[in-house]
Amino acid sequence: MSERAVAVAFVVSILAALGLTAVYAAGGDPQVEGALLLLALGGLGVGLLGWAGGLLAHLGEHTEPRRRHPAADGDGDVAVATFEAGVAEVGRRRLLARLLAGAVAALGLAAVFPIRSLGSAPGSQLARTSWRRGVRLVTADGTPVQLGALELNTFTTVFPEDDVGSADAQAVLIRVDPTSLQLPPDRLAAAPQGHVAYSKLCTHAGCPLGLYLAATQELRCPCHQSTFDVLRGARPVYGPAPKPLPQLPLEVGPDGTLRAAGDFTEPVGPSWWDLPR
Amino acid sequence: MIVERVVRGLDERLDGGSFLRRNLTKVFPDHWSFMLGEIALYAFALLVLTGIFLTFFFQASPEPVVYDGPYAPMRGRTVSAAYDSVLRLSFEVRAGLVMRQTHHWAALLFMAAVVAHLLRVFFTGAFRKPRELTWVLGVLLLFAGIGAGFTGYSLPDDLLSGTGLRIIYSGVLSIPVVGAWAAFLFFGGEFPAHALLSRLYVLHVLLIPLVIAGLIGAHLALVWRQTHTQFPGPGRTEDTVTGIPVWPRFALKALGLMFVTWGVAAGLGGLVQINPVWLYGPFVPYSAPSPAQPDFYAGWLEGLLRLWPNWEFHLFGRTIGTLFLPAVVVPGVITFVLALWPWIEERVSGDHAAHHFAQRPREAPVRSGIGAAGVAFFTVLMLAGSNDVLAAFLSVEVDTLNGVLTAAVVVLPIACGLVTYRICRDLRDGGGHPIARPGRARVRRTAAGAFEVEHEPGGPAR
Ligand code: FES
């Protein structure tokens, strides 16, 4: 770059920086700020690059020797010998050396316990949710779901009445034609008048299932497209999910609302090592 | 003169004079591709500067508050204090949005520069002895960068970040034997635990930046001490280094590059919207955005999850969840192989000598082939990570596209690797470009006044 070009770059930078001050004082605007920052910082940078590359090119390149990395000068051997001599000196007092090792190990063990404070024990929490027999199904805004209120072939997200918004008890309630359901008898009985409920947590990585494909009566996960067949016990028909969605057994209460008849048929979400089977 | 007084003072107390004398004239080889790592360094500096600004406004708290700020669509909604503070920073703090978006763009720039730098070092063999340790530090930086990006991405407590966290939680959960404990200890309990946000915050603004700063420091110290590699050329030898001295040319150039990097990041930050969390909405555990896309450096992990078969194993009555292989084992193996590559290559090639000349890719056809295969592998995985968006864009079914991508993730790396190997080998053995020696004709005038033409065809250089 010529001297003039470098000068222009610096002038642009100065003007843009002054402009920034003005824009800020006037209340700010992200787009204008961005453009001016680009010019202010970029102008400065381009000017410097031009200065180094063009105006100082006559300084040319230099050559200097590389630092050697000699391994053969014997320093390493001396270091090893010194270290080993020290170990021998300390190790001569056998008992003390062992006690020292013991003290370090014991302290290490004690230091593990603060880590234990970082979270609760997994216990049975993972395998259970807050659904119990008799709990009413409510939607996200807390409204109980009446039998028959849901349109045929539509779905809604439901929670236990006392745990609205729950991350693990969330379920999808779908109403289908009762004759089309292909479930074992006990699970069929848990789907009164075609109201069938499944865990909303994908069995792949636990994303909440968001899409109901009414035409094929499938649930699809927005994360990695696992697809579950609603009529056949929500078994996976496509994608990386390895197992069906657990079913939430339902019954109809005396007030005509849908209620849970118990917890999910299996633990919800993806599998883990101690998964009860 | 002030400079004189300072230098004399340092010299008398620390023998600083000799250090300065040596290092102001230290030379750095001058080649555009040696600047990629520097861009990462400057992006990191900008991340620290903009990040400090953001910490003055961000609140890492999941406490519910009612949003009553200027962004109308969200007004009256109950959101977390974290989400609320991000909206306030974006809409109410003057220059806040530019700072926030510049921070995000600088993070992408950092990762892109790290990846480009890694590819440069790989394909030129600059990682060879004695620079193996520098390479390992670089690979660690890459993964520390992914960690920094991921924790940062999760802080605004929006719907997209919550979905990403849920997937990580499930990945940890799938680890045999210790998975449930590890997930509960790291996340503070069953997902989504109350403690999570403040933990991610400490990781993002303290622990990971410290690790990155330490790694960068060590990486640079090694480069400085071992001197830079250079390409061979007239007058260059393995025992010398030829380039521009630190003062003044290299320093001015480096400063210039720093300001250009910052200018690009800030320009993008002001002009190009990124991570508009107000459009995604606040995190609620029973909803996920569709389509959900991670930042580019996590795209290959997402692609692995999307393409991996739905295997689940049972062992002695225990379960190995389907995520364990694609989310834990495969990335772990990739990390390991990448980090140990210098020693793997040394073993296989039997070349234990120290090298200070960088190679051209053709000089090591096998390595270049493997590198090309790796690039193809990651590219297909990244595409797979956006298979839903891609399918909509191409108007094909996701299922069809997945089939193609699954085949491609195996076939394409092999094909690219073989082709690259062949090209490199032929270029090396051919000694140059295929048309390096043009054809020519010799015209001679005889004593009788006639012309004789003698043709010599072109071909590869001899
Ligand atoms: S979480 Fe549902 S497909 Fe991966």
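Residues numbered from 1 in each chain as written. Chains lettered and ligands numbered in written order. Predicted model: local features only at pLDDT ≥ 70, side-chain atom pairs only at ≥ 80, totals over all residues. Heavy atoms only, no water.

Details of unusual backbone geometry
Residue and element names in this part refer to chain B.
Phase 1 of the analysis: Between Lys129 and Pro130 the backbone carries a cis peptide bond, its omega angle lying at 10°.
Phase 2 of the analysis: You can see Pro130 is positioned in the loop between helix H5 (96-123) and helix H6 (132-154).
Phase 3 of the analysis: The amide bond that connects Phe191 to the next residue, Pro192, takes the cis arrangement and shows omega of -10°.
Phase 4 of the analysis: Mapping Pro192 onto the fold places it in the loop between helix H8 (179-187) and helix H9 (196-226).
Phase 5 of the analysis: The phi dihedral of Asp157 falls on the positive side, at around 60°, and the residue is not glycine. (Helix = DSSP H or I, 4+ residues; strand = E, 2+ residues; numbered from the N terminus.)

Overview of the packing of aromatic side chains
Phase 1 of the analysis: Counted according to the given criterion, the structure contains 27 aromatic pairs over all chains.
Phase 2 of the analysis: An angle of 40° between the planes, with centres 6.0 Å apart, marks the rings of Phe155 of chain A and Tyr212 of chain A as tilted. Taken as a pair, Phe155 of chain A in strand S3 (residues 155-160) and Tyr212 of chain A in strand S6 (residues 211-213) lie far apart in primary sequence, 57 residues in all.
Phase 3 of the analysis: Accessibility expressed as a relative area gives 13% for Tyr212 of chain A, which makes it buried.
Phase 4 of the analysis: Centre to centre, the rings of Tyr71 of chain B and Phe91 of chain B are 5.1 Å apart; their planes meet at 5°, and the pair counts as stacked. Taken together, the positions of Tyr71 of chain B in the loop between strand S2 (64-66) and strand S3 (78-80) and Phe91 of chain B in helix H4 (residues 81-91) put the pair 20 residues apart, joining distant regions of the chain.
Phase 5 of the analysis: Given a relative accessible area of 32%, Phe91 of chain B falls into the partly exposed group.
Phase 6 of the analysis: Pairwise contacts between aromatic rings join Phe122, Phe123, Phe127, Trp135 and Trp341 of chain B into one cluster.
Phase 7 of the analysis: One residue, Arg94 of chain B, lies across the ring of Tyr24 of chain A, its end atom 5.3 Å from the ring centre. (Phe/Tyr/Trp six-rings, centres within 6.5 Å; stacked < 30°, edge-to-face > 60°. Buried < 20%, exposed > 50% of the residue type's maximum accessible area, 1.4 Å probe, protein only. Lys NZ or Arg CZ within 6 Å of the ring centre and 35° of its normal.)

Thoughts on the packing of helix H1 (residues 3-25) of chain A against helix H2 (residues 30-55) of chain A
Residue and element names in this part refer to chain A.
Phase 1 of the analysis: Running from N to C, H1 and H2 point in directions that differ by 155°, and their axes come no closer than 8 Å. Between H1 and H2, the interaxial angle falls into the category roughly antiparallel. Read as a crossing pair, H1 and H2 show a hand that is left-handed.
Phase 2 of the analysis: Per-class residue counts for the contact of H1 with H2 are 18 nonpolar, five polar and two charged. (Axes fitted to C-alpha atoms, helices over the stretch in contact; angles between N-to-C directions. Parallel < 35°, antiparallel > 145°, perpendicular 65-115°, else oblique. Left-handed = near helix turned anticlockwise from the far one by under 90°. Nonpolar A, V, L, I, M, F, W, Y, C, P; charged D, E, K, R; others polar.)

Overview of the state of the cysteines
Residues and elements named next belong to chain A.
Phase 1 of the analysis: Within this structure, the stated rule accounts for one disulfide over all chains.
Phase 2 of the analysis: Note that Cys207 is cross-linked by a disulfide to Cys223, the S-S spacing being 2.0 Å. Looking along the S-S bond of the Cys207-Cys223 disulfide, the torsion reads about -80°, which is the left-handed sense. Residue Cys207 is located in the loop between strand S5 (195-199) and S6, and its partner Cys223 is located in the loop between strand S7 (218-220) and strand S8 (227-229); the two are separated by 16 residues in the primary sequence.
Phase 3 of the analysis: A residue is classified by how much of its surface remains accessible, and Cys223, at 2% relative accessible area, is buried. (Disulfide = S-S within 2.5 Å.)

What to know about helix H7 (residues 159-173) of chain B
The α-helix advances 3.6 residues per turn, and as a result positions three or four apart in sequence lie on the same side.
Phase 1 of the analysis: Along its 15 residues, H7 of chain B runs 21 Å from first to last C-alpha, staying within 8% of the 21 Å computed at 1.5 Å per residue.
Phase 2 of the analysis: Most of H7 of chain B is tucked away, with 14 of its 15 residues classed as buried. (Expected span 1.5 Å × (residues − 1).)

So, the interface of chain A and chain B
Phase 1 of the analysis: Chain A puts 75 residues into the contact, and the matching count from chain B is 87 residues.
Phase 2 of the analysis: Both faces combined, the contact of chain A with chain B buries some 7,000 Å², and carbon together with sulfur accounts for 61% of it.
Phase 3 of the analysis: One can count three salt bridges joining chain A with chain B.
Phase 4 of the analysis: As a salt-bridge pair, Arg220 of chain A and Asp399 of chain B come within 3.7 Å of each other at their nearest N and O atoms.
Phase 5 of the analysis: For the pair chain A and chain B, the interface holds 27 residue pairs in polar contact (both at pLDDT 80 or more).
Phase 6 of the analysis: Elements represented by at least two residues in the side of chain A that touches chain B include exactly H1, H2, strand S1 (62-65), helix H4 (94-116) and S3 of chain A.
Phase 7 of the analysis: Counting residues per element, the side of chain A that touches chain B draws most heavily on H2 of chain A, at 17 residues.
Phase 8 of the analysis: Looking at the side of chain A that touches chain B, its residues break down into 39 nonpolar, 23 polar and 13 charged.
Phase 9 of the analysis: Sheet topology note: the S1 of chain A/strand S4 (residues 240-245) of chain B ladder contains four bridges and is antiparallel. (Contact = heavy atoms within 4.5 Å. Buried area = accessible area lost by both parts, 1.4 Å probe. Salt bridge = Lys/Arg side-chain N within 4 Å of Asp/Glu carboxyl O. Polar contact = N/O pair within 3.5 Å; in protein donor to acceptor, adjacent residues only side chain to side chain. Pairing = 2+ DSSP bridges.)

Description of the domain arrangement of chain A
Phase 1 of the analysis: For chain A, the assigned domains read domain 1 (3-64 + 71-117) and domain 2 (126-274).
Phase 2 of the analysis: Measuring from the centre of the C-alpha atoms in domain 1 of chain A to the corresponding centre in domain 2 of chain A gives 53 Å. (Domains from an automatic or database assignment.)

Examining the sheet that holds strand S1 (residues 27-28) of chain B
Phase 1 of the analysis: With respect to topology, three strands assemble into an open sheet ordered S1(A)-S4(B)-S1(B), the strand pairing being antiparallel. Two strands close off the open sheet at either side, each with one partner strand: S1 of chain A together with S1 of chain B.
Phase 2 of the analysis: In the sheet, S1 of chain B pairs with S4 of chain B via two bridges, with the strands oriented antiparallel. Considered in S4 of chain B, the bridge of Val27 of chain B is made with Pro245 of chain B.
Phase 3 of the analysis: Its contacts with the sheet place helix H10 (residues 246-271) of chain B against S1 and S4 of chain B, and it is angled at close to 70° to S4 of chain B.

Things to note about the sheet that holds S5 of chain A
Phase 1 of the analysis: Across the sheet, five strands lie side by side as S2-S3-S4-S5-S10 (chain A); this open sheet has antiparallel pairing. Two strands in the sheet have a free side with no partner beyond their single neighbour: strand S2 (137-138) and strand S10 (247-248) of chain A.

Concerning the environment of Ala215 of chain A
Residues and elements named next belong to chain A.
Phase 1 of the analysis: Turning to its location among the elements, Ala215 is positioned in the loop between S6 and S7.
Phase 2 of the analysis: Ala215 sits in the exposed class, given a relative accessible area of 81%.
Phase 3 of the analysis: Considering only alpha carbons, one finds Ala215 and Leu38, 177 residues apart in sequence, at a separation of 51 Å.

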